[in-house]
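Each chain, letter by letter, is given below.
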Amino acid sequence: MCNKIDEKLLIMYKYLQEHAFSREEVSKVLNITTRQLSRLMKQWESENLLEYQVGIGRGVFSEVTFNKDIEQLYVSYQIQQIGTLSFEEIEHILELPLYNSSKALIESIYQQRLVAKNVNNQTDEDEATFIDFVYRIPEVLDPLLHSDVSQDVLLFNIMDRLYEVDNKLIFLSSLVSHEEVDDYGLTIYLHHDIKFSNGQILFAQNAVDCLNRLMKHPDHQYKFAMVKSIEVLNLFCFKIYYEGSIDYLKLMLSSAYASIYIQDDNKFLGTGAYKVYSTTENYITIKARTDSHHQTPDVGTVYLINNYEQYTRSFKYQQTEELSKGVVIQNGFMCFNPLFTKLDKKKRQLLIELVTIFYKSFNNNQNVELKPTEIFDNEFVIGTFSEKNIGQKKLYESLKKAGFNVKYKVVSFNDLIDGNIDGLQCDIFFLGHTYVEDLFYYTLMNNTNLRFWFLHFDVIKSLLDRFRVATINDWKEIEYRLKLFMEDEFWLHSLVLSFRKHIVPVNFKNVNLNNDGLIVYKHIVVV
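Residues numbered from 1 in each chain as written. Predicted model: local features only at pLDDT ≥ 70, side-chain atom pairs only at ≥ 80, totals over all residues. Heavy atoms only, no water.

Asker: Could you clarify how one ought to interpret the packing of aromatic side chains in this entry?
Answerer: For the coordinates displayed, the defined rule picks out 29 aromatic pairs. Measuring from centroid to centroid gives 3.6 Å for Tyr442 and Phe467, while their planes differ by 15°, and the two rings are stacked. With Tyr442 in helix H14 (residues 440-447) and Phe467 in helix H16 (residues 458-467), this residue pair connects regions lying 25 residues apart in the sequence. Side by side, Tyr442 and Phe467 carry an identical accessibility label, which is buried. Joined through ring pairs, the aromatic side chains of Phe385, Phe429, Trp453, Phe454, Phe457, Phe485 and Trp491 make up one cluster. Taking the ring centre of Tyr99 as reference, the NZ or CZ of Lys14 above it sits at 3.7 Å. (Phe/Tyr/Trp six-rings, centres within 6.5 Å; stacked < 30°, edge-to-face > 60°. Helix = DSSP H or I, 4+ residues; strand = E, 2+ residues; numbered from the N terminus. Buried < 20%, exposed > 50% of the residue type's maximum accessible area, 1.4 Å probe, protein only. Lys NZ or Arg CZ within 6 Å of the ring centre and 35° of its normal.)

Asker: So what exactly am I meant to see when it comes to the pattern of salt bridges here?
Answerer: It is possible for side chains bearing opposite charge to pair when their charged atoms get close. Counting across every chain of the model gives 16 salt bridges. The shortest N-O distance in the salt bridge between Arg213 and Asp142 comes to 2.6 Å. In this pair, Arg213 sits in helix H8 (residues 204-216) while Asp142 sits in the loop between strand E3 (128-133) and helix H7 (149-158), placing the two residues 71 residues apart along the sequence. By relative accessible area, Arg213 is classed as partly exposed at 31%. Under the relative-accessibility criterion, Asp142 is labelled buried at 8%. The salt bridge involving Arg466 is made with Glu477; its shortest N-O contact spans 2.5 Å. In this pair, Arg466 is assigned in helix H16 and Glu477 in helix H17 (residues 472-488), connecting sequence segments eleven residues apart. Look at Arg466 and you get partly exposed, because its relative accessible area is 37%. Looking at Glu477, the relative accessible area reads 29%, which means it is partly exposed. (Salt bridge = Lys/Arg side-chain N within 4 Å of Asp/Glu carboxyl O.)

Written out as structure tokens, the structure is:
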């Protein structure tokens, strides 16, 4: 929680960015006496906000050094208090010497709170808020569109699925009250009190409509080839007729693309603990529902912003901790493009060894000079999805310095998620993947568009087909065979890459990532 920042300190902070310190001039700017200024300076110094060095001798000026970003502190405090501020107080704040981006953020959040109070008759009681980062603002929340982290973080918080799976491969459900399994299929009984975010009751027909649309979709229908038909039995009960493994069926029904929703004026509404409240080009706001079948979350409002620097600044002067990577299985990997590269197995192996050495040193902030046992003449291209990726640029420079004929090319991430894999004209690229511990290679080959490349290998296609009829007890052995092929043929290699750090206030407990590497905000406990 940020402490209150005196607006006089803010005005002085902004003034001294362009002027030398003078007690007389600063006092005039603040409209106070020099004696009053001296008292304030001592107070701010005692709060460790600044350091004041008195000039001694002719021509020696006094100096003020700020220990913290005063504007960021001031803005953070006002945002926390924004529910208690009047319109006149907001107008006064917006007249202060703040950056335009700071003013826009304060004004936007205030207007949002004002609308919420008028429409929903909300009170000014304090509520816990959380800020998270998304690298893009999704325009449409259709679960069947090729998803990415920014879309999935919303799907997993505003929508439910028939099943959820934890990292021990145990299936749970917040929609299904009970189920029956017989020789013909799976009968699902829904809870009777579940509502979508517009107040409409969830009926069996709604769930069946979602599943039928999913199973006819060209990007997903192959996953549900085992399903023969679905029949609505009554208002809250339906039956899935299928041949094969019920474990596999439930795993597919726990994925983001299997979310349950209804469409209302081109909006996709779910039954989750949160609903989308507003969307701008800079951030999305989701709010906890008061009519949800989920327990009311401690965190009432979540701001998902698409500016990473703003995200980190939002926590800069709070007491925070980084979310441990141990709470999620997350792997980085380098992948060779089998439809583009001309590098043979031996050359791929050599590059994997060099890249592993590089990242081991890079992650430890050590400089490394690559000394390959041999150098080949073949040209190869490292593809990157972001020009800002420092690690991949340094890798390119290290390989070039070592003598390789390597090029560096920015490729479109949309080509990967939209299935246009021919657009990825590169030999190597790097990705991160979150997963259930025993299913890394399976989910990579089944749930991402990498399958369009690797299904050209008969062994991959055969193993995926076998997985779809196998039970949980057989999955580990199939996963092992996938791993053997991918790693022994040097098409894909796991690496320790640097991932985005999740930042949480120290009083926010039970902040964990699910198997897809996303925070489910309803589980957060604020103490």
